[in-house]
Amino acid sequence: MAGVCDSPFRQICKQHGADVIYTEFLSAEALIRNNKKTLEMLKFSPKEQPLVCQIFGKNPATIAQAAKIIEQAGYAGVDLNFGCPAYKVVKTGGGVSLMRDLNKVHDIIAAVCQTVAIPVSIKIRARIGLKTIIRDLIEERDTEDEKLETAGQVTALDLVKKISDLKISAIMIHSRSYEQAFDGVPDLEMVKAVRQIYPGILLVNGGIYTPEEAKRQLDETRADGVGLARGVLGNPWLFQQIHDVIPTESAPSGRAEGTLTYTQPTLARRSLGEVGWQERKQTMLQHAKIALELKGPPALIELRKHLAWYIKAVPKAKELRSKLVQVKTLAELKKILPI
Ligand SMILES: Cc1cc2nc3c(=O)[nH]c(=O)nc-3n(C[C@H](O)[C@H](O)[C@H](O)COP(=O)(O)O)c2cc1C
């Protein structure tokens, strides 16, 4: 997640049971031009492995060159973004808008597969209308939905069929359309349809905030795993909670009906609100310490949003929240969160 999934947060996710972590997306163009900020974002700790670096762009040669840089930096894999609906990405012809040009998608993936030896994966959406352009992802959605019906669309299934000759290692489907942006009912039927034709690792993403929802989506789609996003903001415990209800051994891809069994929970199950306050505080302080070590004092400003997310499930925390979003030093944070 852009602006969220930096090295400190990734380390917290790893410690809490994430199997594979993706970086926030990096611009392929910026990477090959040695943009200072982007090169800074490329840094990671070996503790985060297996770590996949995600890139976006629209030019096959540029993206392939960026993938080479990622391989040389020691990443376990490279992920290509064909799912981002942000206007600033879509207007440049990148992200989800590439789903409208499946020849280009094919060219990009083929170029990357020819250039690197590390696994290549893709992130796509369930569908996109052929003509919709959404400037404001929240306000214009309803009207654009109407246009979608008359304008035709490209689906995840179309895309996966188009690239069936290419050797990609995994596909993550955000099971919403471009027009739905970040809300609305996930289209699990589309993920199920892709499962029928794609035997590789398939990950379902979108709207997974509880272990029950993770299990439901896996049961319904027969995907091999789930992609978590907003569900782990301030709640890295969700990784372990999902492991507790779903078998951790790697499931064979293209699972046959009836082969999936669920183990008994290995740890006592806890709901979001039941993660102890002491444990929550310790994680917040640890997150702050890692961020300070890696980024120095400005890290605490960036961390404020995470601190607010950590306490969103804590009742009557208005006063605490207002202190956390103003915190400037670790000493101050320790005073606000005494252990
Ligand atoms: C703030 C924010 C930043 C995001 N950045 C990225 C990104 O860099 N790459 C990506 O593939 N998806 C990104 N996403 C999309 C999420 O990965 C995910 O597909 C989407 O939020 C749906 O999952 P959820 O309903 O579980 O949050 C971002 C989402 C949010 C809210």
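Just above, that's the structure.
Residues numbered from 1 in each chain as written. Predicted model: local features only at pLDDT ≥ 70, side-chain atom pairs only at ≥ 80, totals over all residues. Heavy atoms only, no water.

Draft legend 1. Fine view of helix 9 (residues 188–197). Along helix 9, the residues classified as buried are Leu188, Met190, Val191, Val194 and Arg195. Relative to the axis of helix 9, the buried residues are bounded by an arc of 155 degrees and lie together on one face. (Buried < 20%, exposed > 50% of the residue type's maximum accessible area, 1.4 Å probe, protein only. Helix = DSSP H or I, 4+ residues; strand = E, 2+ residues; numbered from the N terminus. Arc of directions from axis to C-beta.)

Draft legend 2. The arrangement of helix 12 (residues 277–295) in detail. Between its first and last C-alpha, helix 12 extends 27 Å over 19 residues, near the 27 Å set by a 1.5 Å rise per residue. Taken residue by residue, helix 12 has Arg280, Lys281, Thr283, Met284, Leu285, His287, Ala288, Ile290 and Ala291 as its buried positions. Next to the buried residues of helix 12 lie helix 1 (7–15), helix 11 (237–245), helix 13 (299–310), helix 14 (318–324) and helix 15 (330–336). Directly after helix 12, the chain includes Gly296, whose backbone phi takes a positive value near 75 degrees. (Expected span 1.5 Å × (residues − 1). Contact = heavy atoms within 4.5 Å.)

Draft legend 3. A look at the pairing of strand 3 (residues 51–56). Among the 6 residues in strand 3, 6 count as buried, and that is most of the element. Taking every second residue as pointing to the same face, both faces of strand 3 are buried, with Leu51, Cys53 and Ile55 on one and Val52, Gln54 and Phe56 on the other. Relative to strand 3, strand 1 (residues 21–22) is paired through 2 bridges, and the arrangement is parallel. Bridge assignment links Ile21 to a residue of strand 3, and that residue is Leu51. Relative to strand 3, strand 2 (residues 26–27) is paired through 2 bridges, and the arrangement is parallel. Across the sheet, Leu26 pairs through a bridge with Ile55, a residue of strand 3. Of the strand pairs in this sheet, strand 3 and strand 4 (residues 77–82) are connected by 4 bridges, and their pairing is parallel. Residue pairing in the sheet places Gln54 in a bridge with Asp79 of strand 4. With respect to chirality, the unit in which strand 3 leads through helix 4 (residues 60–72) into the neighbouring parallel strand 4 is right-handed. (Pairing = 2+ DSSP bridges. Right-handed = clockwise from strand over helix to strand, strands pointing away.)

Draft legend 4. The arrangement of the site of the ligand in detail. Close to the ligand lie 16 residues, the nearest being Ala2, Gln54, Asn205, Gly207 and Arg230. In this structure, Gly207 approaches the ligand through a main-chain N or O atom, which is 2.7 Å from an oxygen atom. Taking 610 Å² as the accessible area of the ligand by itself, protein coverage stands at 82%. For the shell around the ligand, the residue count by class is 6 nonpolar, 6 polar and 4 charged. (Near = heavy atom within 4 Å. Polar contact = N/O pair within 3.5 Å; in protein donor to acceptor, adjacent residues only side chain to side chain. Areas by Shrake-Rupley, 256 points an atom, 1.4 Å probe, with all protein chains shown as cover. Nonpolar A, V, L, I, M, F, W, Y, C, P; charged D, E, K, R; others polar.)

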